[in-house]
Amino acid sequence: MPSRGTMTAARILSRPTEAVYSDRHRKWQGIPSIERTAGGRLYVDWYSGMDTETGGNFVVVTTSDDDGDTWSGVRFVVEHDDPEVRVYDPCLWRDPLDRLWLTWNQSRGFFDARVGVWAAVTENPDDDDPKWSEPRRLANGLMMNKPTVRGDGAWLFPAAIWACHPPTERHGLEAEQFSNVHVTHDHGETFALLGSADVPNRSFDEHMVVEKRDGTLWMLVRCFDGIGESFSADGGATWSPGRRSHIDGPCSRFHIRRLPSGRLLLVNHADFGERRTIEELEQQGDVKEWKGRTNLTAFLSDDDGATWPHRLLLDDREDISYPDVALGDDGEIFVVYDHDRFGDRGIYLARCTEDEILDGAPVRKSTLVNRALALPVEDRP
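Starting afresh in each chain, residues are numbered from 1 along the sequence in its written order. Selection of residues for local features in this predicted model requires a pLDDT of at least 70, selection of side-chain atom pairs for listing and counting requires 80 or more, and totals for whole chains, interfaces and linings are taken over all residues. With hydrogens and water stripped out, all remaining heavy atoms of the structure feed into the side-chain values.

Participant: Which parts of the structure should I look at to understand the side chain of H182?
Facilitator: Within the element layout of this structure, H182 appears in strand β12 (residues 179-184). Contact definition: two residues touch when any of their heavy atoms are within 4.5 Å. Excluding residues that lie within four positions of it along the chain, H182 makes contacts with A139, N140, W155, L156, F157, A159, A192, L193 and L194. What counts as a helix is a DSSP run of H or I of at least four residues, what counts as a strand is a run of E of at least two, and both are numbered from the N terminus.

Participant: Even after reading the chapter, I still don't get the nonpolar core, so can you show me in this structure?
Facilitator: Generally speaking, soluble globular proteins have nonpolar side chains that are buried together. We define the nonpolar core as a collection of buried residues of types Ala, Val, Leu, Ile, Met, Phe, Trp, Tyr and Cys that are connected through side-chain atoms lying within 4.5 Å of one another. Relative accessible area decides the class of each residue, using a 1.4 Å probe on protein chains only: under 20% of the type maximum gives buried, over 50% gives exposed, and in between gives partly exposed. Among the nonpolar cores identified, the biggest contains 32 residues, and W104 and F111 are the most heavily contacted of them. Contributions of two or more residues to this core are made by β3 (42-48), β4 (58-64), β5 (76-79), β6 (85-94), β7 (100-108) and β8 (117-122). Of all hydrophobic cores here, the second largest spans 18 residues; its members include L265, L312, L314 and Y348.

Participant: Even after reading the chapter, I still don't get the pairing of strand β24 (residues 346-353), so can you show me in this structure?
Facilitator: Side chains on a regular strand alternate between the two faces of the sheet. The buried count for β24 comes to seven of eight residues, which makes it a mostly enclosed element. Here, any two strands with at least 2 DSSP bridges between them count as paired. Where strand β23 (residues 332-339) and β24 come together, eight bridges link them in antiparallel fashion. When the bridges of β24 are listed, Y337 appears paired with Y348. Linking β23 to β24, which pair antiparallel, is a turn of six residues; within it D340 sits at a positive phi near 50°. Looking at chain direction, β24 and strand β25 (residues 367-371) are connected through four bridges and run antiparallel. Across the sheet, Y348 pairs through a bridge with L368, a residue of β25.

Participant: Just checking my understanding: could you explain the pattern of salt bridges for this structure?
Facilitator: Side chains that differ in sign of charge can pair as their charged atoms come close. Put simply, a salt bridge is a Lys or Arg side-chain nitrogen that is within 4 Å of an Asp or Glu carboxyl oxygen. According to the stated counting rule, one finds 34 salt bridges in the structure shown. Across the pair R170 and E174 runs a salt bridge whose closest N-O atoms are separated by 3.5 Å. Note on R170: relative accessible area 59%, which makes it exposed. Its relative accessible area of 38% is what places E174 among the partly exposed residues. Here D344 ties to R317 by a salt bridge, and the two come within 4.0 Å at their closest N and O atoms. Residue D344 is located in the loop between β23 and β24, and its partner R317 is located in the loop between β21 (310-315) and β22 (320-327); the two are separated by 27 residues in the primary sequence. We classify R317 as partly exposed; its relative accessible area is 27%. Residues participating in the shared-partner salt-bridge network are D82, E84, R108 and E169.

Participant: Can you help me understand the sheet that holds β21 in this one?
Facilitator: Hydrogen bonds between backbone groups are what pair the strands of a sheet, and the pairing can be parallel or antiparallel. An order of β18-β19-β20-β21 is seen for the four strands of this open sheet, with the pairing classed as antiparallel. What marks the edges here is a single partner per strand, and that holds for β18 (255-258) and β21. Shown here is a sheet whose adjacent strand axes are inclined to one another by a mean of 20°, direction ignored. The pairing of strand β20 (residues 296-301) with β21 spans five bridges and is classified as antiparallel. Between the N-to-C directions of two axes lies an angle of 0 to 180 degrees, each axis being a line fitted to C-alpha atoms and, for a helix, fitted only over the stretch in contact.

Participant: It is not clear to me how the environment of D234 should be interpreted in this structure. Could you clarify?
Facilitator: Looking at the element boundaries, D234 is found in the loop between β16 (226-232) and β17 (243-244). In sequence terms D234 and G188 are 46 residues apart; their C-alpha atoms lie 21 Å from each other. Pairs of N or O atoms within 3.5 Å make up the polar contacts considered here, provided that, within protein, one atom can donate a hydrogen while the other can accept it, and that residues adjacent in sequence are counted only when both atoms are side-chain atoms. A distance of 3.2 Å separates a polar side-chain atom of D234 from the backbone nitrogen of A237.

Participant: Got a minute to help me understand the packing of aromatic side chains in this structure?
Facilitator: What characterises a pair of aromatic rings is the spacing of the ring centres plus the angle enclosed by the ring planes. Between the rings of Phe, Tyr and Trp (Trp by its six-membered ring), a pair exists once the centres lie within 6.5 Å; its type follows the angle of the planes, with under 30 degrees stacked, over 60 edge-to-face, and the other angles tilted. Tallied over the full model, the rule gives 17 aromatic pairs. Ring centres of Y47 and Y88 lie 5.9 Å apart, and the angle between their planes is 70°; on these two criteria the pair is classed as edge-to-face. Note that Y47 is positioned in strand β3 and Y88 in strand β6, a separation of 41 residues in sequence. Taking relative accessible area as the criterion, Y47 reaches 1% and is therefore assigned buried.

Participant: Is there a simple way to explain unusual backbone geometry in this structure?
Facilitator: The phi angle of most residues is negative, glycine excepted, and most peptide bonds adopt the trans form. Non-glycine residue D98 carries a positive phi angle of around 65°. When its relative accessible area of 35% is taken as the criterion, D98 is described as partly exposed. Located in the positive-phi region is E206, a residue other than glycine, with phi close to 45°. Position of E206 among the secondary structure elements: in the loop between β13 (192-197) and β14 (208-211).

Participant: Can you walk me through the side chain of R222 in this structure?
Facilitator: Inspection of the secondary structure assignment puts R222 in strand β15 (residues 217-223). Overall, R222 belongs to the buried group, its relative accessible area being 1%. Within the structure, R222 has its side chain in polar contact with the side chain of E206 (distance 3.0 Å). Reaching out from R222, the side chain makes a polar contact with the side chain of Y322 at a distance of 2.7 Å.

Participant: Whenever I open this one, the sheet that holds strand β2 (residues 30-36) confuses me. Can you help?
Facilitator: As summarised here, the arrangement of the five strands in space is β1-β5-β4-β3-β2, forming an open sheet in which the pairing is antiparallel. Of all the strands in the sheet, just β1 (11-14) and β2 have a single pairing partner and so form its edges. Each strand axis lies, on average, 20° off the axis of its neighbour in the sheet, ignoring direction. By the bridge criterion, seven bridges tie β3 to β4 in an arrangement that is antiparallel.

Given below as structure tokens:
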């Protein structure tokens, strides 16, 4: 009898052939992540399964060996044996040892107030048959953005327990309902909760941390009314009172990281126009429909994030969201994102260089990584 429950590991399927995982069976998809290996292979993942975000969701992984021109199709699937458990919000990360981490979250139903960050690691991601470690649980909460390597070599994993959504269960973790940071000092062998930031109006958190040039840690957090921030001067153990940052946003995921040049890269929405207020969202009773997810743009900062004078528009369509970024050894910047999760159902890849952003060069056309092709119920014969 297969093990059941969120505290047991999902399974990783290699090259699954079952119809349920195929493009023609999936009805919706989104929330992608990307990473590039030492050998140049691109990995992209996202999640799908069932009719929407609910128990039974699973993660799909695909690969490319030609910088994103062609893709392998469904290369791996991460799925739980318990149909009430959703496997979702995956993240890919190449660590300083050139290992590839595949992380995901497990919850019973949409949000069970404990959730859990799980991970598997491969030391041979460029092989024909990569071998994954046994999945293990790293922390409470959800992590969907890449870790940060601190200047002293410690790795910081950003995981949160939402305070913005009513839970379906109670696990006594109300004291962890913050934008949390977990630390490992031994290359991922052990983890500990290091510190927590409390940012007003945070929405599903989706936080990221960068280390500023003076050693201060800067956390940015998704909020209903833009992007919030908090700072730590002691490596992440304590954080300043959260506040609204000078970076705006339409209540959606963004990506920030330091480039080898020393500049900061931000991928975020620009000129997105009207945003619904918290009061409007509460009145309409639906915090899942967002305005302003358009004009996905790559920004560069020369002054450690104080200003963002350089920009390159990547995609100006509506319903563009959830960017993640990987870097090539030759300076190529790979940006993955989703478009219209229940309509177009496309996962897209944009490519640019730092010089192209600085020059404001015409954007290259994005390429399609994958599209779910199942007909909606109402359109089936």
